[in-house]
Amino acid sequence: KLYKKEDKMFKREVIEILGNKMCYYEQGQGEITCVFSSGFGTPFPLADMYELANKLSNNCRCIIIDRFGYGNSDIVQRKRNIENITNETIELFRKINIKEEKTIFIGHSIASLHALSLAKKLNLKGIVLIDSEKINTFSLFINKILNYIYYTFRNTRLKIKYDMRLASFLYDNRRIPKYIKDEGKKIISNKLPNYDQLDELKNVRKDMQLLENSLREKEINKGLLICKNNTKKNNQLLQKYFKNSKLINMGLASHFMHYEKNNLLYAEIISYFDLCNNVIAL
């Protein structure tokens, strides 16, 4: 198939992490690496992060991770807490030669916790938190109920109808190559929801508390915190854990601001981490 010049093909790679298959997608080159991780329940991280990563791949090496239970990676049915996910990410870094001091880790929503945890263990160039939010007990309870209902009805027509609506919301009205949209819809039908994602949700409240306690032990080097009006307060509180940080408030943007505001996010990341000189000719 032929795709437009700006719709670059991300190369799919598969490696073994702790005896299981993990997939990631790579495009671009350069001294700096940007690693992307999606929020909870996102079926196909390549589709989720494509627009922003596609732009940044003109400036640096870009890698989008399918953590276990997501995309084309295995469902491992192993405890999906922040410690295990962080250790698996570190193992990925080691196996594919990602240099921590030259890496910017970009996490959306729940993956912002993974970014913070990783930055505590590694000497990263910096992290980008996209709409990191404090999950309260009530919203977590509702999310658990909805996801367990979805899991219970996974073999019924109800799931098929919901899958169609979810695919439409995530993929149909966005500038993503058709082959990625089709793969994303296939993954929704066959893999969502699953044990790994439900266990990740189950552990998130405890993970947040453990992470908050551990962050007091070491300041993080550099962070770009991108939020909206109702998550601004939480992001302001997070700033105290950074040596250097910048907060960008997108106002009334949606939680998926990396879809609707990808040009603005790209410009902010390029400017804050001084990536202008890393532009690679197409």
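Residues numbered from 1 in each chain as written. Predicted model: local features only at pLDDT ≥ 70, side-chain atom pairs only at ≥ 80, totals over all residues. Heavy atoms only, no water.

## Side note on the overall build of the chain
Right, on to step 1. Counting its secondary structure elements, the chain contains 10 helices and 8 strands.
Right, on to step 2. Here the C-alpha atoms of the chain give a radius of gyration of 18 Å, agreeing with the 19 Å that 2.2 N^0.38 yields for 282 residues.
Right, on to step 3. Its C-alpha atoms put the chain at 50 × 50 × 40 Å along the principal axes.
Right, on to step 4. Here the chain holds 282 residues, and the buried ones make up 54% of them.
Right, on to step 5. Considering only contacts in the chain between residues 6 or more positions apart, those separated by 24 or more positions represent 71%.
Right, on to step 6. Split by element, the accessible area of the chain, about 13,500 Å² in all, is 51% carbon and sulfur.
Right, on to step 7. Each charge class in the chain can be summarised by its mean position, and for the 47 positive and 31 negative side chains these summaries are 3 Å apart. (Helix = DSSP H or I, 4+ residues; strand = E, 2+ residues; numbered from the N terminus. Rg over C-alpha atoms; globule rule 2.2 N^0.38 Å. Buried < 20%, exposed > 50% of the residue type's maximum accessible area, 1.4 Å probe, protein only. Contact = heavy atoms within 4.5 Å. Areas by Shrake-Rupley, 256 points an atom, 1.4 Å probe, with all protein chains shown as cover. Lys, Arg positive; Asp, Glu negative; His and termini not counted. Charge placed at Lys NZ, Arg CZ, Asp CG, Glu CD.)

## So, the environment of F256
Right, on to step 1. On the secondary structure map, F256 appears in the loop between strand 8 (242-249) and helix 9 (257-260).
Right, on to step 2. Sequence separation between F256 and I130 is 126 residues, and the spatial gap between their C-alpha atoms is 8.6 Å.
Right, on to step 3. Aside from chain neighbours lying at most four places away, what touches F256 is D48, H108 and F169.

## Considerations on the pairing of strand 3 (residues 33-37)
Right, on to step 1. For strand 3, the tally of buried residues reaches 5 of 5 residues, placing the bulk of the element in the interior.
Right, on to step 2. Of the two faces of strand 3, the one lined by T33, V35 and S37 and the one lined by C34 and F36 are each fully buried.
Right, on to step 3. Here 4 bridges tie strand 3 to strand 4 (residues 61-66), and the two strands are oriented parallel to one another. Directly across from T33, in strand 4, lies its bridge partner R61.
Right, on to step 4. Relative to strand 5 (residues 103-108), strand 3 runs parallel, the two sharing 5 bridges. Within strand 5, the residue paired with F36 across the bridge is I106. (Pairing = 2+ DSSP bridges.)

## What about unusual backbone geometry?
Right, on to step 1. Omega for the peptide link from L192 to P193 comes to -5°, which places this bond in the cis form.
Right, on to step 2. For P193, the location among the structural elements is in the loop between helix 6 (178-191) and helix 7 (195-215).
Right, on to step 3. Phi angles above zero are rare outside glycine, and N97 is one such case at about 60°.
Right, on to step 4. Looking at where N97 falls in the secondary structure, it is placed in the loop between helix 2 (82-95) and strand 5.
Right, on to step 5. For N97, a relative accessible area of 56% puts it in the exposed group.

## Focus on the confidence of the model for the chain
Atom-level detail of predicted coordinates should not be read off regions where pLDDT is low.
Right, on to step 1. The share of residues in the chain with pLDDT of 70 or more is 95%, and the mean pLDDT across the chain is 91.
Right, on to step 2. Throughout residues 1-6 the model reports pLDDT below 50, and contacts reaching past four residues in sequence, or to other chains, amount to 8 contacts. (pLDDT = per-residue confidence, 0-100.)

## Examining empty space enclosed by the protein
Right, on to step 1. A full pass over the atoms with the stated rule returns 2 cavities of 30 Å³ or more.
Right, on to step 2. In this model, the largest cavity occupies a volume close to 50 Å³.
Right, on to step 3. R80, N81, I82, I85, I110, L113, H114, E200, V204 and D207 are the residues that line the largest cavity.
Right, on to step 4. Elements that contribute at least two residues to the lining of the largest cavity include exactly helix 2, helix 3 (111-121) and helix 7.
Right, on to step 5. Counting residues per element, the lining of the largest cavity draws most heavily on helix 7, at 3 residues.
Right, on to step 6. When its residues are assigned to classes, the lining of the largest cavity shows 5 nonpolar, 2 polar and 3 charged. (1 Å grid on protein atoms, 1.4 Å probe; cavity = no way out; pocket = protein on both sides within 12 Å on 5 of 7 lines; lining within 4 Å. Points joined across faces, edges and corners; volume = space filled by probe spheres on them. Nonpolar A, V, L, I, M, F, W, Y, C, P; charged D, E, K, R; others polar.)

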